[in-house]
Amino acid sequence: VLHAHQYRARPYSQILRTTPLPAMRGKVLDRTGREFAGNTPRYRLELYLDELRPQFEREYIQRRTQLLASRGVNPKDGDEGLWTWLVQRFQKPKSRPGLTRAEIDRLSRESRFAAVSNTIAEVSRRLRLPLTLSEEALHAHYLSKRALPLPIIANCTPEQVALITEQGWNLPGVELQQVPVRRYPHGHVASHVVGHLRRDDEYNEEDGRFDYRMRDYRGAMGLEAAFDRELRGQAGARSILVNSAGYRHRQGEEVIAEPQPGLNLITTLDLDLQVAVEQSLSFVRGDERGAVVVMDPTNGDILALASAPDFDPTEFIDGVSAQRW
């Protein structure tokens, strides 16, 4: 009876959010089906903040206690029993020492950062890998993507994956996720023809049906750009149950639409001939330039198309530094 309003509000304290499931990008193949561009699994280590809420609470209580004690205030002055609470419901409220809203917000932010930093420090210790996270980055993620995982390591090495799997980590909120990424098995070969991808952070109409944006890529040049729509496929959708505090409920997570993989693109190029042509250009250095086109005179098929200097499209997956660019 006393807490009827809480039970009444509970059904309205949860709501569904949708997030995209990126589709597997189609392959770029030579005339015999050998890959110029494909996909490979990548493992990411991620942290779900909803599982760290008990640590957030402990850190907050500790910091609040220390702050009030420094002011000569007993932190338990605000605690009261049921009878006292009932009596005070009919009395005029009285002022008592406490924290301002700004102080509460500051302590909450510091507590979250301390709890997350402790978890990341433990991951760093187990992997013998220096890992850092700025308070600003955590705060930005907390405000806008609280229900989504916080990336810890974007690309785990096979050794790290083996170590994490072997030890059977029981760190709250820490999970190893597998995602597909673009792979160019022959590196520089046919780079000007195939092209490369770039981060796609611009809004598009398809994003209108999602509550969250996910990291995605778009063709930037070459065949990757010319046939981007066909290669990209159709993103799926995942429904996430989010409570009033913005955290997700795992038991309420459900895939509501499976992603549709992109189409494969079969070219007229011949991989062996393409490699031979590019080897012939491998002595081009400095300010020299060169290009080769090999055509089948019987039907006009382009069998090889190369230009020097070239580049490695794999570099663009994780982004090129300003100095490298």
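Please refer to the structure placed before this passage.
Residues numbered from 1 in each chain as written. Predicted model: local features only at pLDDT ≥ 70, side-chain atom pairs only at ≥ 80, totals over all residues. Heavy atoms only, no water.

Draft legend 1. Up close: the overall build of the chain. Looking only at helices and strands, one finds ten helices and twelve strands in the chain. In the chain, which comprises 325 residues, the share counted as buried stands at 38%. Expressed as a percentage of contacts within the chain between residues at least 6 apart in sequence, the contacts between residues at least 24 apart total 74%. Surface summary for the chain: the accessible area is close to 20,100 Å², and the carbon and sulfur share equals 53%. (Helix = DSSP H or I, 4+ residues; strand = E, 2+ residues; numbered from the N terminus. Buried < 20%, exposed > 50% of the residue type's maximum accessible area, 1.4 Å probe, protein only. Contact = heavy atoms within 4.5 Å. Areas by Shrake-Rupley, 256 points an atom, 1.4 Å probe, with all protein chains shown as cover.)

Draft legend 2. How the structure looks around the pattern of salt bridges. If you walk through the whole model with that rule in mind, you get 19 salt bridges. For Arg 42, the salt bridge goes to Asp 318, with nearest N and O atoms at 2.9 Å. In this pair, Arg 42 sits in strand β3 (residues 35-47) while Asp 318 sits in the segment after β12 (302-308), placing the two residues 276 residues apart along the sequence. Given a relative accessible area of 48%, Asp 318 falls into the partly exposed group. (Salt bridge = Lys/Arg side-chain N within 4 Å of Asp/Glu carboxyl O.)

Draft legend 3. Focus on helix α10 (residues 271-280). Every buried residue of α10 is accounted for by Leu 271, Gln 274, Val 277 and Glu 278. With its buried residues spanning 125° around the axis, α10 presents them on a single face. Sitting at the amino-terminal end of α10 is Asp 270, which places a side-chain oxygen 3.1 Å from the backbone nitrogen of Asp 272. (Arc of directions from axis to C-beta. Polar contact = N/O pair within 3.5 Å; in protein donor to acceptor, adjacent residues only side chain to side chain.)

Draft legend 4. Looking closely at the packing of aromatic side chains. A complete count under the given rule lists two aromatic pairs for this structure. With a centroid separation of 5.9 Å and 85° between ring planes, the pair formed by Phe 311 and Phe 316 is classed as edge-to-face. The buried category is assigned to Phe 311, whose relative accessible area is 17%. Look at Phe 316 and Trp 325: their rings are 6.3 Å apart centre to centre, the planes differ by 85°, and that puts the pair in the edge-to-face class. For Phe 316, a relative accessible area of 18% gives the class buried. On the basis of relative accessibility, which here comes to 74%, the residue Trp 325 falls in the exposed class. Among the aromatic side chains, those forming a connected cluster through ring pairs are Phe 311, Phe 316 and Trp 325. One Lys or Arg, Arg 146, reaches over the ring of Tyr 142 and ends 3.8 Å from the middle of that ring. (Phe/Tyr/Trp six-rings, centres within 6.5 Å; stacked < 30°, edge-to-face > 60°. Lys NZ or Arg CZ within 6 Å of the ring centre and 35° of its normal.)

Draft legend 5. Main features of the pairing of β3. When strand β2 (residues 28-29) meets β3, the two strands line up antiparallel, connected through two bridges. Bridged to Val 28 within β3 is Ala 37. Here β2 folds back onto β3, and the loop between the two strands holds five residues, one of which, Gly 33, carries a positive phi near 95°. Taken together, the ten bridges between β3 and strand β5 (residues 174-183) define a ladder with antiparallel strand orientation. (Pairing = 2+ DSSP bridges.)

Draft legend 6. Representation of the side chain of Asp 30 in the model. If you trace the backbone, Asp 30 turns up in the loop between β2 and β3. Reaching out from Asp 30, the side chain makes a polar contact with the backbone nitrogen of Leu 271 at a distance of 3.1 Å. Residues within four places of Asp 30 in sequence aside, it is in contact with Phe 36, Ile 266, Thr 267, Leu 269, Asp 270 and Leu 271.

Draft legend 7. Expanded view of the packing of helix α4 (residues 101-127) against helix α5 (residues 135-144). At a minimum axis distance of 10 Å, the contact between α4 and α5 shows a crossing angle of 110°. In terms of orientation, α4 and α5 fall into the roughly perpendicular class. Contacts from Arg 109, Glu 110, Arg 112, Phe 113 and Val 116 of α4 reach α5 at Glu 135, Glu 136, Leu 138, His 139 and Tyr 142. Considering only residue class, the contact of α4 with α5 consists of four nonpolar, one polar and five charged. (Axes fitted to C-alpha atoms, helices over the stretch in contact; angles between N-to-C directions. Parallel < 35°, antiparallel > 145°, perpendicular 65-115°, else oblique. Nonpolar A, V, L, I, M, F, W, Y, C, P; charged D, E, K, R; others polar.)

Draft legend 8. Inspection of the side chain of Arg 232 at higher detail. Within the secondary structure layout, Arg 232 lies in helix α9 (residues 228-232). A distance of 2.7 Å separates a polar side-chain atom of Arg 232 from the backbone oxygen of Tyr 217. Filtering out sequence-adjacent residues up to four positions away, Arg 232 remains in contact with Ala 23, Met 24, Arg 25, Asp 200, Asp 216, Tyr 217, Arg 218 and Gly 262.

Draft legend 9. Layout of the environment of Ile 152. Within the secondary structure, Ile 152 is located in strand β4 (residues 150-153). According to the relative accessible area criterion, Ile 152 is buried, its value standing at 15%. A sequence separation of 29 residues divides Ile 152 from Val 123, and the C-alpha atoms of the two residues are 9.0 Å apart. Among all residues touching Ile 152, those that are not within four sequence positions of it are Leu 45, Glu 46, Leu 47 and Leu 131.

Draft legend 10. View of unusual backbone geometry. Of the consecutive residues Ala 308 and Pro 309, the connecting peptide bond is found in the cis state with omega at 0°. On the secondary structure map, Pro 309 appears in the segment after β12. The phi torsion at Ala 190 lies on the positive side, around 60°, for a residue other than glycine. As for its placement among the helices and strands, Ala 190 is situated in the loop between β5 and α7 (191-194). Take Ala 190: its relative accessible area is 1%, and that puts it in the buried class.

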